[in-house]
Amino acid sequence: MTIQWYPGHMAKARREATEKIKLIDVVIELLDARIPLSSRNPVIDEIAGEKPRLIILNKSDLADPAKTDQWISYFENEGHSVVVVDSQKGKGIKSISEKVQLLAKPITDKMIAKGMNPRAIRALILGIPNVGKSTLINRLANKKIAKIGDKPGVTKAQQWIKVGKEMELLDTPGILWPKFEDQAVGYRLALTGAIKEEIFDFQDTTVFLLRYLSKEYPRKLEERYGITHIPEDIVDLFDVIGKKRGCLVSGGHIDYDRVSEIVFRDFRTGKLGTITLETP
Ligand code: G4P
């Protein structure tokens, strides 16, 4: 995945998303359950406007279930409807159509009041790169839809995908750009794969992760690396993990790059367990 979000790209993505919004009844905002705020772009409010919105927390299989519950309350308090899914395995997918129908009820009621036959409700999925838009569309469509690039402007004829009898989904999602003005947001996006980790310093990103895990998930760190006490000092923590994993260079020194690599991959592949990187 390459994303190069130049200001021109962002303007174009925004324009395209705004155009698509005009065609639909309900906006589906797709977020990463591990980083619900960092995977959000505030410009969504401007793009979605007053359209009813369903928030989907995807990749819930990788997120901490207790924190996911906190995030559900958070978004519900904001007045949004929320669904938690695992698009890869198809968990939670069924309730999407139901929730979309509920959100669109005022629109359906209006059609009925005018004596019209209510048509299928039209929805659009919006989200940052790699959050799982294509995977979710394929799940809902029950087939494989060609993936378009993560660059705005890669357009093809738009089609509606039938999801049950009462919902239609635009087959190309709206792409939002990740917002990483804040360094912590950048680290979270790098850790979860929304942006290339190369953009961020690998060791710095792992330092961020280990600091967070020491505070929020000490047991998981202890279990994974077979340590009984987590040192306060971050270098000491690197040393302990490095020794346990045999990450040594000549002279018996610790190879910090290798330790970073191991911890980063362990997080990515879920070997550290279900982890959410931010709390409401
Ligand atoms: P995008 O269209 O928003 O850019 O995202 P896409 O669907 O391509 O998904 C990005 C990656 O996230 C894919 O993995 C996909 O399999 C994975 N993914 C999507 N939804 C879920 C989910 O609910 N749970 C988990 N665990 N993963 C999910 P990839 O690394 O690109 O490919 P692969 O390793 O799966 O082959």
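Preceding block: the structure.
Parameters at a glance
- Residues numbered from 1 in each chain as written.
- Predicted model: local features only at pLDDT ≥ 70, side-chain atom pairs only at ≥ 80, totals over all residues.
- Heavy atoms only, no water.
- Phe/Tyr/Trp six-rings, centres within 6.5 Å; stacked < 30°, edge-to-face > 60°.
- Buried < 20%, exposed > 50% of the residue type's maximum accessible area, 1.4 Å probe, protein only.
- Helix = DSSP H or I, 4+ residues; strand = E, 2+ residues; numbered from the N terminus.
- Lys NZ or Arg CZ within 6 Å of the ring centre and 35° of its normal.
- Core = buried A, V, L, I, M, F, W, Y, C linked by side-chain atoms within 4.5 Å.
- Contact = heavy atoms within 4.5 Å.
- Salt bridge = Lys/Arg side-chain N within 4 Å of Asp/Glu carboxyl O.
- Pairing = 2+ DSSP bridges.
- Right-handed = clockwise from strand over helix to strand, strands pointing away.
- Expected span 1.5 Å × (residues − 1).
- Polar contact = N/O pair within 3.5 Å; in protein donor to acceptor, adjacent residues only side chain to side chain.

1. Focus on the packing of aromatic side chains
Under the defined criterion, the tally for this structure stands at seven aromatic pairs. Ring centres 6.3 Å apart and planes at 55° place the aromatic pair tyrosine 212 and tyrosine 217 in the tilted group. A relative accessible area of 7% places tyrosine 217 in the buried class. With centroids separated by 5.8 Å and ring planes inclined at 65°, the aromatic side chains of phenylalanine 238 and tyrosine 256 adopt a geometry described as edge-to-face. Of the two residues, phenylalanine 238 sits in helix α10 (residues 234–244) while tyrosine 256 sits in helix α11 (residues 256–268), which places them 18 residues apart along the sequence. With a relative accessible area of 5%, phenylalanine 238 lands in the buried category. On the accessibility criterion, tyrosine 256 (28% relative accessible area) is partly exposed. By the ring-pair criterion, three or more aromatic residues cluster together here, those being Trp71, Tyr74 and Phe75. Taking the ring centre of tryptophan 160 as reference, the NZ or CZ of arginine 122 above it sits at 5.0 Å.

2. Digging into the nonpolar core
Counting residues in hydrophobic clusters, the biggest one holds 73 residues, and the most contacted among them are Ile28, Ile56, Ile96 and Leu169. When neighbours within four sequence positions are excluded, leucine 169 is seen to be in contact with Ile28, Ala123, Leu124, Ile125, Ile137, Leu140, Gln159, Trp160, Ile161 and Val163. Among the nonpolar cores identified, the runner-up in size contains eight residues, and Ala33, Leu57, Ala63 and Phe75 belong to it.

3. Some remarks on the pattern of salt bridges
Side chains that differ in sign of charge can pair as their charged atoms come close. Inspection of every chain in the model, using the stated rule, returns 19 salt bridges. In this structure, the salt-bridge partner of lysine 22 is glutamate 19, at a minimum N-O distance of 2.9 Å. Of the residues examined, glutamate 19 reaches a relative accessible area of 46% and is grouped as partly exposed. Each of Glu29, Arg40, Asp45, Arg53 and Glu78 takes part in salt bridges that share partners, so that together they form one network.

4. Things to note about the pairing of strand β3 (residues 81–84)
Working note: regular strand, side chains alternate between the two faces of the sheet. As judged from the four bridges shared by strand β2 (residues 53–58) and β3, these two strands associate in the parallel manner. Looking across to β3, one finds that isoleucine 56 is bridged to valine 83. This β-α-β element, β2 to helix α3 (residues 65–77) to β3, shows right-handed connectivity.

5. Observations concerning helix α8 (residues 202–216)
Relative to the 21 Å expected for 15 residues at 1.5 Å per residue, α8 spans 21 Å between its end C-alpha atoms, a close match to the ideal helical length. Every buried residue of α8 is accounted for by Thr205, Thr206, Val207, Phe208, Leu209, Leu210, Tyr212 and Leu213. Tucked inside the fold, the buried residues of α8 contact α3, α7 (183–192), α9 (218–225), α10 and α11. Measuring from the backbone nitrogen of glutamine 203 back to the side-chain oxygen at the start of α8 gives 3.0 Å, which picks out aspartate 201 as the cap.

6. Section: the environment of glutamine 158
By the secondary structure assignment, glutamine 158 is in the loop between α6 (133–141) and β5 (160–163). A sequence separation of 96 residues divides glutamine 158 from isoleucine 254, and the C-alpha atoms of the two residues are 54 Å apart. Ignoring sequence-local partners within four residues, the contact set of glutamine 158 consists of Lys20, Leu23, Leu170, Asp171 and Thr172.

7. Re unusual backbone geometry
Non-glycine residue lysine 59 carries a positive phi angle of around 60°. Note on placement: lysine 59 falls in the loop between β2 and α3.

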